[in-house]
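Chain by chain, the residues run as shown.
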Amino acid sequence: MTQILSLSRPQETAPVPLIDLVAQYQTIRDEIQEAVQRVFERQAFVLGEEVDTFEKEIAEYCDSRHAIGCASGTDALVLSLMALGVGPGDEVITSPYSFFATASCIVRLGARPVFADIDPVSYNLNPQAVEAALTRRTRAIIPVHLYGQCADMDPIWRTAVKHQLPVIEDACQAIGSVYRGRKAGVLGTMGCFSFFPTKNLGGAGDGGLITTDDRDLASRLKRLRVHGDFGGYNHIEVGLNSRLDALQAAVLSVKLKHLDTWSAARRANADRYHQLMQEQGIDGVVELPSQGPEQHHIYNQFVIRVPGGKRDEVLNGLKKQGIGCAIYYPKPLHLQECFSSLRYQAGELPESERAANETIALPIFAELGADRQERVVSTLRNVLADVGLIQPQKSIRRAA
Ligand SMILES: *Cc1c(COP(=O)(O)O)cnc(C)c1O
């Protein structure tokens, strides 16, 4: 015990990274090495047995009938829209407060993204705003389960059913997240996942997957990921080259076994942040993420809101003190230059714009540990005092 304490001492001033994939790898190195070795011995690198197995495992994990691997979360979104036949003249309603791919997939297919504003507490689509954004041209709705918590799917699904619209979940940040007893990926028509290394289930490179209960959509997706090949070089439509690599599938199968443990650790870290910030009296100054009553948040990100136009100052203060942090996302999608032809104006989607101006993501990865969390919170408190959001505090709580 004494030894552990003395070993950990130098870490007290070491920077706290936003994410530490090396720490995770160290806990599973042998399993990963063995899986990678197996793929190399077989020399079958694209689709094949490893991918079949992984698809079955994910289908079981999410409780979906089908799972179709592909090259990235972005491609999962593009393929889903392709499978629905979305194209020029169509509109797809989605959130402007998300990663770029949520909207670019729509534009890629020649359709028009229609942005509905978010709920300021969950940062997810406001179901009423979705309803208000419907037109005769609406062909699909893409709710995003941002930061690891599901969008409020029941009212969105009711709207979709009423207007006979398919729903594509952008579940790229939400694998294992639960809404009213059901996992992300089975709350709509199709669910899109990303295995980008920093997601909760991250591969050794890019990877993605689509879940669905619909057999026809599943077989069309399987065709679309291989150039629309119906078999025997018979192309009945034009698809993509977007497959999941065997290497990724093998690595992801290993990591999937640990996913719930890692998510539980992230959730425990989130609880500890709440407790520490309460102890430091800053939980009323910055707004902490809140988990809805029917939700099981898996905290791909732990995002706080800093009021009073002080976000950037706080961000820089934290960075200067060696605390890893980032902004997801600094510019809402409706104001991106490449979408200027959509003619959205600043001020049009106020909650998304306010979130883009006020939020900061703090480290939340599974291996973070209580000591480093205390450092994050005490540093945050000092920075909040520096920028004038709280009174400077004389005594420091940390145990001597
Ligand atoms: C990561 C992410 C994507 C894209 O996934 P890639 O695998 O990087 O292409 C799409 N949407 C959201 C919300 C994401 O977080």
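In case you missed it, the structure is sitting above this.
Residues numbered from 1 in each chain as written. Predicted model: local features only at pLDDT ≥ 70, side-chain atom pairs only at ≥ 80, totals over all residues. Heavy atoms only, no water.

1. Section: the site of the ligand
Piece 1. Surveying the vicinity of the ligand reveals 14 residues, the closest of which are G73, T74, D170, S194 and K199.
Piece 2. S194 is positioned with one of its side-chain polar atoms (N or O) 2.6 Å from an oxygen atom of the ligand.
Piece 3. Within the complex, the protein chains bury 94% of what would otherwise be the 380 Å² of accessible surface of the ligand.
Piece 4. Taken atom by atom, the bulk of the ligand overlaps the largest pocket.
Piece 5. Sorting the residues of the shell around the ligand by element identifies α4 (73–83) and α5 (101–108) as the ones contributing at least two each.
Piece 6. Broken down by class, the residue content of the shell around the ligand amounts to 4 nonpolar, 8 polar and 2 charged. (Near = heavy atom within 4 Å. Polar contact = N/O pair within 3.5 Å; in protein donor to acceptor, adjacent residues only side chain to side chain. Areas by Shrake-Rupley, 256 points an atom, 1.4 Å probe, with all protein chains shown as cover. 1 Å grid on protein atoms, 1.4 Å probe; cavity = no way out; pocket = protein on both sides within 12 Å on 5 of 7 lines; lining within 4 Å. Sits in = over half its atoms within 2 Å of the grid points. Helix = DSSP H or I, 4+ residues; strand = E, 2+ residues; numbered from the N terminus. Nonpolar A, V, L, I, M, F, W, Y, C, P; charged D, E, K, R; others polar.)

2. Some thoughts on the sheet that holds strand β3 (residues 112–115)
Piece 1. Taken in spatial order, the 3 strands make up an open sheet running β3-β2-β4, and their pairing is parallel. Strand pairing shows two members of the sheet lacking a second neighbour, β3 and β4 (138–142), which therefore form its edges. Mean inter-strand twist for the sheet, computed between neighbouring axes without regard to direction, equals 30°.
Piece 2. Direction of pairing for strand β2 (residues 91–94) relative to β3: parallel, over a ladder of 4 bridges. Across the sheet, residue E91 finds its bridge partner in β3, namely R112. (Pairing = 2+ DSSP bridges. Axes fitted to C-alpha atoms, helices over the stretch in contact; angles between N-to-C directions.)

3. A word on the nonpolar core
Piece 1. Ranked by internal contacts, the top residues of the largest apolar core, which has 47 residues, are F54, I58, F115, I175, F195 and L201.
Piece 2. Looking at which element gives the most residues to this core, the answer is helix α3 (residues 49–62), with 6 residues.
Piece 3. A domain-level breakdown of this core finds at least three residues from each of domain 1 (2–20 + 259–399) and domain 2 (23–117 + 124–256).
Piece 4. Contact partners of F54, with chain neighbours within four places excluded, come to F195, L201, L209, L244, A249, L252, S253 and L256.
Piece 5. Listed in part, the 32 residues of the second largest apolar core include L288, V314, L362 and V387. (Core = buried A, V, L, I, M, F, W, Y, C linked by side-chain atoms within 4.5 Å. Buried < 20%, exposed > 50% of the residue type's maximum accessible area, 1.4 Å probe, protein only. Domains from an automatic or database assignment. Contact = heavy atoms within 4.5 Å.)

4. Looking at empty space enclosed by the protein
Piece 1. Applying the stated criterion across every chain yields a total of 3 cavities of 30 Å³ or more.
Piece 2. Considering the residues around the largest cavity, the lining is formed by 15 residues, among which I19, L21, Q24, K199 and R266 are closest to the centre.
Piece 3. Where the lining of the largest cavity is concerned, the elements lending two or more residues are α2 (21–42) and α9 (246–279).
Piece 4. In terms of residue count, α9 provides more of the lining of the largest cavity than any other element does, 3 residues in total.
Piece 5. There are two domains that each give the lining of the largest cavity at least three residues, and those are domain 1 (2–20 + 259–399) and domain 2 (23–117 + 124–256). (Points joined across faces, edges and corners; volume = space filled by probe spheres on them.)

5. A closer look at the layout of surface pockets
Piece 1. Estimated volume of the largest pocket: approximately 530 Å³.
Piece 2. In this structure, the largest pocket is lined by 26 residues; those nearest its centre are Q173, F196, T198, K199 and Y329.
Piece 3. Residue classes in the lining of the largest pocket are distributed as 12 nonpolar, 10 polar and 4 charged.
Piece 4. When residues are assigned to domains, the lining of the largest pocket turns out to be shared by domain 1 (2–20 + 259–399) and domain 2 (23–117 + 124–256), each giving three or more.
Piece 5. Each pocket or cavity is described by its volume, and for the second largest pocket that value is around 250 Å³.
Piece 6. If you trace the second largest pocket, you find 17 residues lining it, with S122, D152, G292, P293 and Q295 closest to the centre.

6. Details of the packing of aromatic side chains
Piece 1. What the rule picks out here adds up to 12 aromatic pairs.
Piece 2. Their ring planes at 70° and their centres at 5.4 Å tell us that F54 and F195 sit as a pair that is edge-to-face. Taken together, the residues span a long stretch of sequence, with F54 in helix α3 and F195 in the loop between β8 (190–194) and β9 (208–212) at a distance of 141 residues. Of the two residues, F54 and F195, both sit in the buried class. (Phe/Tyr/Trp six-rings, centres within 6.5 Å; stacked < 30°, edge-to-face > 60°.)

The analysis is restricted to geometry; functional conclusions fall outside its scope.
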